[in-house]
Amino acid sequence: LGGPPGPQASTDVYDASVAREDVHSNGNVVVRLNNLRSRKPPKIDPNWKTSYRLNVSALVAVVPLDVSEQTLDNRLPLFWAEIVVPNQQSRREDEWKLRKDGLITVRVLTPADCAVLGSARGAGTTAFTSGAPVALIDVRVFVPEVISVLGTFSDPQFPHQLAEMKIIEKLMGNNPSEPMIYQPSEMHESRAEIQQKVIDAVRDSGIDLLRRLTQAEREVLGKKIVTKINSANLVGTQLDAFLSALRFPVHCTQGPPGTGKSYVGVWLVLALDMIRTSLREMKRPIGPVVVLSYKNHALDEFVSDLIKVCPDLQPSALIR
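These lines cover the structure that appears in this document, whether it is placed above or below. All figures in this text were calculated on a predicted structure; none of them were measured in a lab.

### Side note on the overall build of the protein chain
Assigned secondary structure in the protein chain consists of 10 helices and 6 strands. Here the protein chain holds 320 residues, and 37% of them are scored as buried. Considering only intrachain contacts with a sequence separation of at least 6, the fraction spanning at least 24 residues in the protein chain is 66%. Put simply, the protein chain shows about 19100 Å² of open surface, and 54% of that area lies on carbon and sulfur atoms.

The structure is reproduced here in structure tokens:
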């Protein structure tokens, strides 16, 4: 997908040239691009007036190139940016006409937008000099929820976080391990033992939002979560999955149908919502809990289960 223009390229990777770069007094870096063209143009020209392609507020990655149409690789610098209207006088509803003519304007994102995006490039560098070639990668969506995902993958600790997952070798297809099978005696831990494990997972969690709290605050939060999940019937690998998701920034639960993956997910979402509510009560800003699914039916079932498990959950707090 990172290759040069041609049938194997991605429709959502574009080449362009820098027309000009403006550094505003508030620190914003706005770059105007021209000669915009897809590396694999669709067979039918898009209707730019209604198309999602490179729409205003879309999240894009801007990659300065050494030569036009250069193959992309991880040695090249990459800047996250959002599509914006060219100036305050421009009408957003007319912006599609510029895209149709191969003209587009982006604002480079900085830590002022989101801390996980890293340091802003200083003014006066030559990354976006007039006439310089760039590649533009259309990520299609620009919503707060996607930033946390980008931040996770950008974190230098991400490989270490992956290694913490018990099933990572099997998940990645390396050295498949024996399946994790629990003996009946291991499936019946006492309620007190389970409660303590939950409190320990929250207290020792590597999740960034929880690490911002003091150890005492995490202990209190862990006890609140214990109170909420007392009615949950999480046993064996289900309990392991729940605790692992609370303890580590990255977690994967894998298993065949009927093993309780969605059930674990419902209780995990409730626990995350409790963490979110507690942080908001402490005046700490935090976004929503997001649940994604490939199929609408699966998502509807998940929301239904969520309401059944937690009848006191306010329907107004859910956006489907």
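### Topic: the packing of aromatic side chains
In this structure the tally under the stated criterion is 2 aromatic pairs. When the centroid spacing of 6.4 Å and the interplanar angle of 75 degrees are considered together, the rings of Tyr 263 and Trp 267 count as edge-to-face. Of this pair, Tyr 263 and Trp 267 are both found in helix α9 (residues 261–281), 4 residues apart, which corresponds to roughly one turn of the helix. We classify Tyr 263 as partly exposed; its relative accessible area is 29%. Trp 267 sits in the buried class, given a relative accessible area of 3%.

### Details of the sheet that holds strand β2 (residues 29–38)
Strand order in the closed barrel formed by 6 strands is β1-β2-β5-β4-β3-β6, with antiparallel pairing between adjacent strands. Here the strands of the sheet are splayed against their neighbours by 45 degrees on average, with no regard to which way each runs. Here strand β4 (residues 79–84) pairs with strand β5 (residues 104–108) via 4 bridges, running antiparallel. Each residue of the ladder has a partner; that of Ile 83, found in β5, is Val 106.

### A short note on the nonpolar core
Residues Val 198, Ile 225, Phe 242 and Leu 246 are the most contacted members of the largest nonpolar core, which totals 34 residues. Of all the secondary structure elements, the ones that give two or more residues to this core are α5 (191–203), α7 (215–229), α8 (236–247), α9 and α10 (296–309). Top contributing element to this core by residue count: α9, with 10 residues. When near neighbours in sequence (up to four residues on either side) are disregarded, Leu 246 contacts Val 198, Ala 201, Val 202, Ser 205, Ile 207, Leu 210, Leu 268, Ala 271 and Ile 275.

### What about the pairing of β4?
Regular strands have side chains that alternate between both faces of the sheet. Burial analysis of β4 places 6 of its 6 residues in the buried class, which makes it a mostly covered element. Here β4 shows a buried face lined by Phe 79, Ala 81 and Ile 83 and a second buried face lined by Trp 80, Glu 82 and Val 84. Sheet analysis places strand β3 (residues 59–64) next to β4, joined by 4 bridges and oriented antiparallel. Across the sheet, residue Ala 61 finds its bridge partner in β4, namely Trp 80.

Rules used in this analysis
- Residues numbered from 1 in each chain as written.
- Predicted model: local features only at pLDDT ≥ 70, side-chain atom pairs only at ≥ 80, totals over all residues.
- Heavy atoms only, no water.
- Helix = DSSP H or I, 4+ residues; strand = E, 2+ residues; numbered from the N terminus.
- Buried < 20%, exposed > 50% of the residue type's maximum accessible area, 1.4 Å probe, protein only.
- Contact = heavy atoms within 4.5 Å.
- Areas by Shrake-Rupley, 256 points an atom, 1.4 Å probe, with all protein chains shown as cover.
- Phe/Tyr/Trp six-rings, centres within 6.5 Å; stacked < 30°, edge-to-face > 60°.
- Pairing = 2+ DSSP bridges.
- Axes fitted to C-alpha atoms, helices over the stretch in contact; angles between N-to-C directions.
- Core = buried A, V, L, I, M, F, W, Y, C linked by side-chain atoms within 4.5 Å.

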